[in-house]
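Analysis of the macromolecular model
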Amino acid sequence: MDRPAVAVLFGGRSSEHSISSATAGGVLQAIDRDRYRVIPIGITRDGVFVLEDDDPAKFALDAARLPEVADNGTRVLWPEGGGDRGLRVRRADGTVDELGRVDVVLPILHGVHGEDGTVQGFFDTLGIPYAGGGVLDSALCMDKHFMKIVLAAAGVPVSPSVTVTRSRWESDPSGVRTDAAALGVPSFVKPSRAGSSVGVSKVHDASELDAALEVAFAEDDKVLIETAIVGREIEVAILEGRAGAAPRASLPGEIVLTTREFYDFEGKYLGGDGADVVCPADLTEAEIAAIQELGIRAFQAVDGRGLARVDFFLTEQGLYVNELNTMPGFTPISMFPKCWIASGMTYPELITELVDIALERAAA
């Protein structure tokens, strides 16, 4: 029997291009080649689909070098729909090669034009199965403003916040400062539609608000100011259930901050000191059960598909959901894989699970 062809899609137009590319290195290294035929497809920062090298080492991530998808002159030609699944590539010299049928796309894209439902809608239109979130949950969870509205409507506790548009900041800065003051300090200022802690600042007093807003507005024209909740930072990994079963939750992990003020880009991806990823977290059985139950509730509230990482604050008053990520950090050192590894699944098995969930859904 022919192996299903998996198009591993990475890079992209967002500010998280390098993180997506680094994730590709881990996935290309670990994916089961006996089970799947792999087609690596990169998206340049300009949005060009290129046939990439099937070389995990090319996309290694370190502080001295962030991996990147370069325009190598190839152009991936997607199927034209109508049941066609044939993938082709036009080489730099103009010749066109057949790459064979694509059975499923594994889009390990972060940020806008990838994690926000746009590429999911593209593949839905073409009738090509893909792993991970769908259009609705991807769009909802990419926009933290609307994600909070949906979670709150479902009775899921979220941190107090205000949403500020660029136009309001420019026309009514004093009103924004008044709203921010009502939330108290410290607070966090973050882009509504970005991830990997890009554009996020911690505000310790009112004098730091303006600069933090400018940093966030560099990423998005809609920004959240959130109350900084004092509590443990707990995360749980969710997978869609198989054959109509309920979603599954991993053992929770914890971000333990020592000298770092929050879990920023350097701490997440570049091995910066001051933040440790601990999985499984040191929790009671009752706390684990409550976190898993609320994580599944949050996933269901946004009509989750495929996978998500649910981030919590565990406080003396209880649990608050900070956010859901429908394509969480997926490098081998990221929390989502670590949580499932701690729960008894290997990294290659986790990749297989995501692909097989998509194939199973397509066959239903």
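Since the structure is predicted, the reported quantities are computational estimates derived from the model, not experimental observations. Counting restarts for each chain: residues are numbered from 1 in the order of the written sequence. Two thresholds apply to this predicted model, a pLDDT of at least 70 for residue-level local features and 80 or more for giving and counting side-chain atom pairs, whereas whole-chain, interface and lining totals are computed over all residues. Each side-chain value is worked out from all heavy atoms of the structure, with water and hydrogens disregarded.

Thoughts on unusual backbone geometry
Where the residue is not glycine, phi is negative for most of them; where a peptide bond is considered, it is trans in most cases. With omega at 0 degrees, the peptide bond leading from Val-185 into Pro-186 counts as cis. Strands here mean DSSP runs of E at least two residues long; helices mean DSSP runs of H or I at least four residues long; both are numbered from the N terminus. Among the structural elements, Pro-186 can be located in the loop between α6 (173-183) and β9 (187-191). The residue after Cys-279, namely Pro-280, is reached through a cis peptide bond having omega 5 degrees. Structurally, Pro-280 can be placed in the loop between β15 (275-278) and α9 (285-301). Of note in the backbone geometry, His-113 takes a positive phi value of approximately 60 degrees without being a glycine. For His-113, the position within the fold is in the loop between β7 (104-107) and α2 (118-126). The cut-offs for exposure are 20% and 50% of the maximum accessible area for each residue type, with area from a 1.4 Å probe on protein chains only; residues under the lower value are buried, those over the upper are exposed, and the others partly exposed. For His-113, a relative accessible area of 36% puts it in the partly exposed group. Its identity is not glycine, yet Ala-243 carries a phi of approximately 55 degrees, on the positive side.

As for α6
Taken as a whole, α6 has its buried residues at Gly-175, Val-176, Ala-180 and Leu-183. On an axial view of α6, the arc spanned by its buried residues comes to 135 degrees, and they lie on one face. More than 90 degrees from the buried face of α6, the exposed residues found are Thr-178, Ala-181 and Ala-182. We call two residues in contact when some of their heavy atoms are within 4.5 Å. On its buried face, α6 is in contact with β8 (161-165), α5 (166-171), α7 (209-217) and β11 (222-227). Two residues or fewer past α6, Gly-184 is found with a positive phi of approximately 85 degrees. As used here, the arc belongs to the directions running from the helix axis to the C-beta atoms.

Digging into the sheet that holds β11
The rule for pairing is simple: two strands pair if DSSP sees at least two bridges between them. Read across the open sheet, the four strands follow the order β8-β11-β9-β10; overall the sheet is antiparallel. Two strands bound the open sheet, and with one partner strand each, they are β8 and β10 (201-203). Between one strand axis and the next, the sheet turns by 25 degrees as a mean value, whatever way the strands run. Bridge count between β8 and β11: five bridges; the pairing is antiparallel. Bridging across to β11, Val-164 finds its partner in Val-223. Most of the contacts of α6 go to β11, to which it runs at about 30 degrees, and overall it touches β8 and β11. Axes here refer to lines fitted to C-alpha atoms; in helices the fit is confined to the stretch in contact. Angles between the N-to-C directions go from 0 to 180 degrees.

Focus on the pairing of strand β14 (residues 253-257)
The pairing of strand β12 (residues 232-239) with β14 spans three bridges and is antiparallel. The residue of β14 that forms the bridge with Glu-235 is Gly-253. With four bridges connecting them, β14 and β15 associate as antiparallel partners. When the bridges of β15 are listed, Leu-257 appears paired with Ala-275.

Some points on the sheet that holds β7
Spatial strand order, β3-β2-β1-β7: four strands in an open sheet with mixed pairing. Both edges of this open sheet fall to β3 (49-51) and β7, since each of them pairs with a single strand only. For this sheet, the mean angle separating the axes of adjacent strands, direction not counted, is 30 degrees. Helix α11 (residues 347-363) rests against β1 (5-11) and β7 of the sheet, and its axis sits at about 135 degrees to β7.

So, the pattern of salt bridges
Salt bridge, as applied in this entry: a Lys or Arg side-chain nitrogen positioned within 4 Å of an Asp or Glu carboxyl oxygen. The final tally for this structure, using the stated rule, is 25 salt bridges. Glu-353 is the partner of Arg-242 in a salt bridge, and the nearest nitrogen-oxygen pair spans 3.0 Å. With Arg-242 in the loop between β12 and β13 (248-249) and Glu-353 in helix α11, this pair connects stretches of sequence that are 111 residues apart. The class of Glu-353 is buried, set by a relative accessible area of 12%. The salt bridge partner of Asp-311 is Arg-309, with a shortest N-O separation of 2.7 Å. Residue classification places Arg-309 among the buried residues on the basis of a relative accessible area of 10%. Shared partners join several salt bridges into a network, and the residues in it are Asp-143, Arg-193, Asp-220, Asp-221 and Lys-222.

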